[in-house]
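# Summary of structural features
Okay, here's what each chain looks like letter by letter:
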Amino acid sequence: MSSVHSKTKVAGRCVVVAGFLALVLTGCGASGVAQTSAVTPSEGDSAEAVPDSAADSSAEPAVTEPAGCPATPETMPAGAVSAEIADVDGDGENDTEWYDEATAPFTFGITTASGATVSMADDLAGPGGHSGWTAALHNGVVVSVLDDGRRATLHALVDCGFVTPIGVDARPYTFDMQNTHDNGTGVGCLEVDGGLELNGLQVTQNRDDSFSLMATGITVAADGLSAINGYTAVSASLPEDDPRVHEAQTSSCADAPVVSTSGR
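Attention here is on the structure that accompanies the text. Source: prediction; values computed, not measured.

Applying the stated criterion across every chain yields a total of three aromatic pairs. Judged by centre distance (6.3 Å) and plane angle (50°), the ring pair of F108 and F162 falls under tilted. Taken as a pair, F108 in strand β3 (residues 107-111) and F162 in strand β8 (residues 161-163) lie far apart in primary sequence, 54 residues in all. Under the relative-accessibility criterion, F108 is labelled buried at 0%. Since its relative accessible area comes to 1%, F162 is described here as buried. Aromatic pair Y173 and F175: ring centres 5.2 Å apart, planes at 65°, arrangement edge-to-face. The structure contains a cluster of three or more aromatic residues connected by ring pairs, namely Y99, F108 and F162.

Pasting the structure below:
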């Protein structure tokens, strides 16, 4: 189970996870144009018909601007490890997530097709490789999860900036990746009605050497400011070679790409 926990506004990741509990994991635009037309008087009107070219120039056609984050001066750093991801800013174009280890701390970011780059410092302290992924959940919230193999942090992309949800303990929501505090061993996603649901995962070994897996559904608020735990579901007596046992000790979300640092 994940620990419950953010709100840090920052200016400005996937390995396929098999389903568990008989659920299957999977991995996510819109545009419109309002039209207007010139109107001429009918035959019975005394006024002369006015040609289209003479129509009121103030009545400009109403055009719906495409969604998308506005371009920023910041760009993806040269040398960053990157991967193409599904559209996260609503313009229908695939975007890019990346990890940069040229700085300390590492930096994780997203660069959109519209030219916007948003990033955040990775404050995880693990000495090995760090990894991250980004996915849109069933309620429309776009989340990014970063991990260093020991714990993972949760973030949301809201209004073209990263927000860190806060848990019920008034602290940034984090996941335990090694069951250190009996809170969890991994992060994953399940397919539910309407899309993907974020899950905290915890796998434990039973006395007969089989394994039990508990999944906890997590709801991230639309504004990204909070995250709360929901239902829990348990799958017991799994053999050690069951793929779910391994997957519950990793961080990934369906077919969302994962980007990782070198671990050096």
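Having seen the model, we can carry on.
Take a negative patch on the surface next. On the surface, D208, D209, E240 and D241 cluster together into a negatively charged patch. Structurally, D209 can be placed in the loop between β11 (195-205) and β12 (211-220).

In this structure the tally under the stated criterion is two disulfides. The disulfide partner of C69 is C160, and the gap between their sulfur atoms is 2.1 Å. Classification of the bridge connecting C69 and C160 rests on its S-S torsion, roughly -100°, and on that basis the disulfide is left-handed. Taken together, the positions of C69 in the segment before β1 (81-85) and C160 in the loop between β7 (151-158) and β8 put the pair 91 residues apart, joining distant regions of the chain. Relative accessible area serves as the criterion here: at 22%, C160 is assigned to the partly exposed category.

The next point concerns the nonpolar core. Membership of the largest hydrophobic core comes to 24 residues, with the highest contact counts inside it found for W133, L154, F175, V187, L198 and V220. Contributions of two or more residues to this core are made by β5 (131-136), β6 (142-147), β7, β10 (186-192), β11 and β12. Within the second largest apolar cluster, 16 residues are counted, among which are I110, V118, M120 and F162.

Our focus in this paragraph is the pattern of salt bridges. This model, assessed by the stated rule, comprises one salt bridge. Put simply, R244 and D242 hold a salt bridge, and the shortest N to O gap is 2.8 Å. D242 gets classed as buried once you look at its relative accessible area, which sits at 12%.

Criteria and thresholds
- Residues numbered from 1 in each chain as written.
- Predicted model: local features only at pLDDT ≥ 70, side-chain atom pairs only at ≥ 80, totals over all residues.
- Heavy atoms only, no water.
- Phe/Tyr/Trp six-rings, centres within 6.5 Å; stacked < 30°, edge-to-face > 60°.
- Helix = DSSP H or I, 4+ residues; strand = E, 2+ residues; numbered from the N terminus.
- Buried < 20%, exposed > 50% of the residue type's maximum accessible area, 1.4 Å probe, protein only.
- Patch = residues over 30% accessible without salt bridge, like charges linked within 9 Å, V, L, I, M, F, W, Y side chains within 5 Å.
- Areas by Shrake-Rupley, 256 points an atom, 1.4 Å probe, with all protein chains shown as cover.
- Salt bridge = Lys/Arg side-chain N within 4 Å of Asp/Glu carboxyl O.
- Lys, Arg positive; Asp, Glu negative; His and termini not counted.
- Charge placed at Lys NZ, Arg CZ, Asp CG, Glu CD.
- Disulfide = S-S within 2.5 Å.
- Core = buried A, V, L, I, M, F, W, Y, C linked by side-chain atoms within 4.5 Å.

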